[in-house]
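Notes for the structure review
Below are the chains, spelled out letter by letter.
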Amino acid sequence: MCGIVGYIGTEVATPLLLDSLKKLEYRGYDSAGIAVLAHEGLVVRKAKGRLTKLEQLLASEAIDGTVGIGHTRWATHGEPSDINSHPHTDVSGNIAIVHNGIIENHAKLRDWLEKHGVTFRSQTDSEVIAHLIDFHYNGDLLQAVRETMARIEGSYALGVLSEDAPDRIIAARKDSPLVIGYGKTGNYIASDVPALLAHTREVTYIDDYELAVLFADHVEFYTEDGDPVQKEICHIEWDVEAAEKGGYEHFMLKEMHEQPKALTDTIRPRIIRDESSGLRNVDMHEVKDFERWKAEDSRIFIVACGTAWHAGIVGKYIFEQFARIPVEVDIASEFRYRNPLCGKNDIFIIISQSGETADTLAAMRLAKRSGAEIVAITNVVGSTLSREADSVLYTWAGPEIAVASTKAFTTQLSCLYLIALKLGNIRGVISHQQLDEHLKEIERIPAAAAKIFDMEDELQRFAARHFNKTKVFFMGRLFDYAISMESALKLKEISYTHSEAFAAGELKHGPIALVDTSTLVVAFCTQRALFEKMDSNMKEVKARGATVLAITFDDVDTFDGTADETLKLPVVLDQFSPMLSIIPCQLYAYYCSILRGNDPDKPRNLAKSVTVE
Ligand code: AGP
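This write-up is about the structure you can find in this document.

Thresholds applied
- Residues numbered from 1 in each chain as written.
- Predicted model: local features only at pLDDT ≥ 70, side-chain atom pairs only at ≥ 80, totals over all residues.
- Heavy atoms only, no water.
- Near = heavy atom within 4 Å.
- Polar contact = N/O pair within 3.5 Å; in protein donor to acceptor, adjacent residues only side chain to side chain.
- Areas by Shrake-Rupley, 256 points an atom, 1.4 Å probe, with all protein chains shown as cover.
- Helix = DSSP H or I, 4+ residues; strand = E, 2+ residues; numbered from the N terminus.
- Phe/Tyr/Trp six-rings, centres within 6.5 Å; stacked < 30°, edge-to-face > 60°.
- Buried < 20%, exposed > 50% of the residue type's maximum accessible area, 1.4 Å probe, protein only.
- Lys NZ or Arg CZ within 6 Å of the ring centre and 35° of its normal.
- Pairing = 2+ DSSP bridges.
- Right-handed = clockwise from strand over helix to strand, strands pointing away.
- Core = buried A, V, L, I, M, F, W, Y, C linked by side-chain atoms within 4.5 Å.
- Salt bridge = Lys/Arg side-chain N within 4 Å of Asp/Glu carboxyl O.
- Contact = heavy atoms within 4.5 Å.

Section: the site of the ligand
Around the ligand lies a shell of 15 residues, among which S352, S354, T357, V403 and E493 are the nearest. For the ligand, an oxygen atom lies 2.6 Å from a polar atom in the side chain of S352. Interatomic distance of 2.8 Å between a backbone N/O atom of S405 and an oxygen atom of the ligand. Taken by itself the ligand offers 410 Å² of open surface, and the protein chains cover 91% of this. Secondary structure elements with two or more residues in the shell around the ligand: α9 (306-322) and α16 (479-495).

Okay, here's the thing in structure tokens:
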């Protein structure tokens, strides 16, 4: 995730900005930069790579200004490069901005600005902000930022400097975090508290649509309408390590809680409205030759490893339900050695959070050599996979630091749903009206996901009762079977519990012999047409002594008399349940891991990205 910082006071800004940016490195980044109002005017220095690269760039000069902003970039639009790094400036180089977030209507704004004579330098969405502020600037920088806010859609935490207003920094936010710090020698802005703790523990969190005007000796706050507003000052008790996790005990817990926002950031920019009908549609411009997918002889392969492979399993059900197209799902390390039958009519969806997994890259290259089209779903802009694929859909989940994948998984699923729904529509399987209704349901998912965290205490108590279980089975049918697989992996990899997933109908073909009084069985029941089957499967395992937790919807009481415990999810369309039903099991695995004395962020024997075979 990008990080922004700023300082205005009596000290030379550059070292303070660099020091604050270093405190944001944990957020993950691929480039960095600063802008300082020096005696000779606005000076911008920025570079692709680590902060040390920027420091080398600055080592040969002493920029004397005491007002500056800085940025660490986690690329979303435009690959990592010097020119795509922040800060961005307007054409005259008079205004500089740093931005954390995604400007969803950047393409439309860029077109409009270019028609008004603006020449863009970068491929980023953020650059439009600098030009818009310049366009609206008539001597009042705060007013110009407010008018810009009114035109941009999406998420932002902004820092703005101007040569014409050297006594102030303007900051603004919507949906991206921004905090103001009050130091002894001046005032600060930052995306997150760790960047401030060396200078102050007195901070103000500004809210969505609010602006802050920082002077060297005081700070003013305004609403988007320009009305002054009083904000409280909070005292931060956290130590640095706790602050990097946003106050959460582990990155994994923080990243699980980030899923509603990650889903929003991944879904919202891709759902558009047809100008004529007003119906929802999917913007699939990121896939180069999507029309080609309509061909009758098209086949889809989904290839990945681990959690990403489980997303592919869900993807198979999704594509076959909504687009009625055959899908083959492969584990990358199997695909690459089985001399697969594939060729130029085939479409490969390669899923990888890191975009660097060795087996996945090897499988992708094999498919590419066969002439197939490669579409990547990845979380890392500029990753090897993103550079070698023909098309890329990014999961805008922000850096996933915990080894166990959570927000990357649910956002991978959301990309698969959007592709499949669009494909189903262009293949005539679902009408425009049906597409609109399904997309409306998809838009509800982030809020539904957020509601699941209301059950976190209940899950923590459930984990306290069962964390010592030596056999944990997850079972389900169709989408629920795929989520059972991901749930078993989560529990395995961070609590070191032997857990296994079964297609519920498969139990009687052998696995039920394993069931006894020490067994916990988690039964996923979100496919309403199969409730009776699931009820029978639960009775089968209960008869052999198992403890059963049923995970179903709020409006379902079918299993209340059968399961020992039930967990009820917000009601969504059965087929969309995977984006929700995995969350309770992520939380269950997390709390079991802690109760067993493990570090859920760094489980034994595992790496975040398996870049070797
Ligand atoms: C999932 O929690 C694990 N970290 C692991 O299975 C992971 O999904 C797998 O290594 C694939 O990684 P990738 O998505 O970065 O390719």
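Brief notes about the packing of aromatic side chains
The full count for this structure, using the stated rule, is 13 aromatic pairs. Note on Y590 and Y591: the rings are 4.9 Å apart at their centroids and 80 degrees apart in plane angle, and the pair reads as edge-to-face. Of the two residues, Y590 and Y591, both sit in the buried class. An aromatic cluster is built from F301, F335 and F348, whose rings are joined through pairwise contacts. The cationic tip of R270 hangs over the ring face of W396; the distance from NZ or CZ to the ring centre is 4.4 Å.

Considering the pairing of strand β20 (residues 373-378)
For β20, a buried count of six out of six residues is recorded, marking the element as mostly surrounded by other parts of the structure. Taking every second residue as pointing to the same face, both faces of β20 are buried, with E373, V375 and I377 on one and I374, A376 and T378 on the other. Across six bridges, the pairing between strand β19 (residues 346-352) and β20 is parallel. Its bridge partner being in β20, I351 is matched across the sheet by I377. Note that the unit made of β19, helix α11 (residues 358-369) and β20 has a crossover that is right-handed. Where β20 and strand β21 (residues 391-394) come together, four bridges link them in parallel fashion. Looking across to β21, one finds that V375 is bridged to S391.

Looking at the nonpolar core
Within the largest apolar cluster, 139 residues are counted, with the highest numbers of intra-cluster contacts made by W293, I300, F319, L416, Y417 and M538. Formed by 29 residues, the second largest nonpolar core is a distinct cluster that contains I97, I103, A130 and Y156.

Quick look at the pattern of salt bridges
Side-chain pairs of opposite charge can arise whenever the charged atoms involved come near each other. Enumeration according to the criterion identifies 36 salt bridges in this entry. The salt bridge partner of K254 is E258, with a shortest N-O separation of 3.2 Å. Through salt bridges with shared partners, a single ionic network connects E104, K174, D175 and R268.

Topic: the side chain of T307
Here T307 lies in helix α9. Judged by relative accessible area, T307 falls into the buried class, the value being 8%. A distance of 3.0 Å separates a polar atom in the side chain of T307 from a polar atom in the side chain of E486. Here T307 is in contact with S405, F409, Q412, E486, L489 and K490, once residues within four sequence places are set aside.

Examining unusual backbone geometry
Residues H86 and P87 are joined by a peptide bond in cis, for which omega reads 5 degrees. In this structure, P87 sits in the loop between β4 (67-73) and β5 (88-89). Unlike most non-glycine residues, Y209 shows phi in positive territory, near 70 degrees. Mapped onto the elements of the fold, Y209 is located in the loop between β11 (202-205) and β12 (210-214). Look at R324: it is not a glycine, yet its phi comes out positive at around 50 degrees. Its location among the elements puts R324 in the loop between α9 and β18 (327-331).

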